[in-house]
Each structure stands twice: as C-alpha cells, then as structure tokens.
Amino acid sequence: MLGTSAGGGVPQWNCGCGGCTTARRTGTARTQDCLAVSADGAAWYLVNASPDLRGQLLAAPELAPAPGSRETPLRGALLTSAELDHTLGLLTLREAAALTVHATLPVRYALHSGFPVGPLLAPYTKARWHTVAPGQPVELDGGLRAEPLALGGKRPRYAADLPGEGWEGRSDWVVGYRFTAAGSRSCAVYAPGLAAWTPAVDRAVAGADVVILDGTFSTDDELAGRTGGARTSRGMGHLAVRDSLPHLARLPGPRYLYTHLNNTNPLAHPGSPGTGALARELAAAGAAVAEDGMLIEV
Ligand code: MLT
Ligand code: MN
Ligand code: ZN
C-alpha cells in the first residue's frame, strides 16, 4: 500500500479539523491512494499514480532502481479512474525511458482531453496506452493477471462537460481490478472507488484472499455534516463504510482492508473520538483500515 487516503491526503494542507491537526502534530500522515502489485516480486505495477508518487516510490525499497542503472522494477501503471488523485502522479513518471499505462476507454479519453496528461507526457517519455475493459483480463509481466471490474459512471469534475458522444452513463469510468498470479490460486481485489455493491462485486470478491475497498467516508452524510454542503458519499460515487460493512459480513472469507480514506473520516485517524464503535464493527467483520507502507502477501 503506497498510499491510503482520498484526494487531499491526511492532513489536508488547508484543513484544521481535529484529525488533521493531530496528524500534523504527531506526524501520522496518510498519502493519497496508490498501490504497487506484483505476482513474482520482481515485476511491479502501480495501480493509480497519486500526486504523492515521488515520496511513495522513494519509501518502497521493492521499487528502487538496480545499483548503477536507471532500470526499476516498475513495468507500468493501471488506473482505476481518471480522477486527479489517481492520475497527477503520471507526470512524476516522465523521467522513465518508457511508460505503459492501462486504462478504460473513458479514462483514456479524459487523460487526452480534459486533463491532457497523455499529450503532455509524449515529449518526455515513450508512453504506451492500452485500453482495458471490464471482464477482459490483461496478462502482465511476472505472471500477473488483472481483470477489470466495472464500478461506476462517476466522471471527474474536470471531465463533466467534455464533448463527445457516449461518455455519459458508461459504467467503466471507475473500475477495480481482480489480481491473480499464474500457477497460483492467490487473488487480491482492489476497489478504491465503489459506488454501489453490485452482483459483479459479489462475484469478484468470491474466493479472494484480500479485498482492498473504498473507505472514503464512514457514513453517507459524513461530508455534509463536516462542511455544511449537500454532497452525499453515494452522490460522490463512494459507498460509505457503514453501508459496505453488511456486505462484508454476508461474504466472509477474504481479509478486508479499507483504503482511500478521506480526512473527514474518523477511521483515518486512529484513536480519534468517533472511531470506537465503528472500529469494533470493522474488527467483527474481519476488516481493518489499510495503512501506508503495508505489505500484503497472499
Ligand atoms: C473522488 O475520489 O471522488 C475524487 O478523487 C474526489 C476529488 O478529488 O474530486
Ligand atoms: Mn479520489
Ligand atoms: Zn481535516
């Protein structure tokens, strides 16, 4: 787990709430949502490229270049959305000799129009863009297989009004991935954005060893309660922890870890007031909050 917070991080630079203030004082920061995954421990893929990517890469010895070279174990990046907190870090990768990016069609479209990171990177690195589609597994280096899972039609705010037909209503603006390794039954699911718990999510979770899922908000009205605004968790494309927990209880077996925690979420701040009852419910469902730097082996 390279980073486990939602956009803005913990603490968020302009937030003086109790949790962010404590995080500032104690140095218990969370960086923005990003994962590195490998089937063989040699070839690694990023899942998302957070704005904190440089520091995240430096903190992960597995991803360091071989001594005396500029070759690193990174083979590419897979994107779960076109949101800025998942894509700004692509610019950080411009020093790479080559860069392979896997993303769905609408995500690729957004990254070549509203946020034109594709054209911006072209003069810096040899970028290769590959389209992924829900239900169609991609075979990656080191025996890693990634199967995209359609999770929602929420577009980034910058892409709300992009011209072009057919982008509205697609369910692959946000995807998760079901990772498996060649010659093994190990399986990990990564779904930092989960708008609703559909039968497809049930199927993806079945038989998984670990499921890393959307922990943006603890309750549907959390953000409204903090900011006085009207935006609900569901309206922002995030099923609240309170609303996904019953599904975890219904589908026991995998180890469940919540990630992409917003700084308003009490669960993002261990030991803060308000975490007690919910944290106990998480534990009862076999779930926990993911932490930056966590290494998960399945
Ligand atoms: C999200 O996860 O909903 C987005 O990253 C929010 C945002 O930063 O606009
Ligand atoms: Mn986000
Ligand atoms: Zn805060």
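Residues numbered from 1 in each chain as written. Chains lettered and ligands numbered in written order. Predicted model: local features only at pLDDT ≥ 70, side-chain atom pairs only at ≥ 80, totals over all residues. Heavy atoms only, no water.

Caption draft 1: Fine view of the coordination of the zinc ion (ligand 3). Protein-derived ligands of the zinc ion (ligand 3) are Cys-15 (SG), Cys-17 (SG) and Cys-20 (SG), with the metal-ligand distances lying across 2.2 to 2.3 Å. Of note, the donors binding the zinc ion (ligand 3) are all from one chain and are spaced C-x1-C-x2-C. (Donors = N, O, S within 2.8 Å, 3.2 Å for Na, K, Ca; no water.)

Caption draft 2: Layout of the pairing of strand 3 (residues 74-78). Relative to strand 3, strand 2 (residues 44-47) runs parallel, the two sharing four bridges. Note that in strand 3 the partner of Trp-44 across the bridge is Leu-74. For the handedness criterion, the β-α-β arrangement of strand 2, helix 2 (residues 53-58) and strand 3 is classed as right-handed. Note: strand 3 against strand 4 (residues 98-103), two bridges, orientation parallel. The partner of Ala-77 across the bridge, within strand 4, is Val-101. (Pairing = 2+ DSSP bridges. Helix = DSSP H or I, 4+ residues; strand = E, 2+ residues; numbered from the N terminus. Right-handed = clockwise from strand over helix to strand, strands pointing away.)

Caption draft 3: How the structure looks around the packing of helix 8 (residues 241-250) against helix 9 (residues 276-284). Close contact between helix 8 and helix 9 brings their axes to 10 Å; oriented N to C, the two are set at 25°. The orientation of helix 8 relative to helix 9 falls into the category roughly parallel. Relative to helix 9, helix 8 is oriented so that their crossing is left-handed. In contact with Val-241, Arg-242 and Leu-245 of helix 8, helix 9 contributes Leu-278, Glu-281 and Leu-282. Looking at side-chain class alone, the contact of helix 8 with helix 9 contains four nonpolar, no polar and two charged residues. (Axes fitted to C-alpha atoms, helices over the stretch in contact; angles between N-to-C directions. Parallel < 35°, antiparallel > 145°, perpendicular 65-115°, else oblique. Left-handed = near helix turned anticlockwise from the far one by under 90°. Contact = heavy atoms within 4.5 Å. Nonpolar A, V, L, I, M, F, W, Y, C, P; charged D, E, K, R; others polar.)

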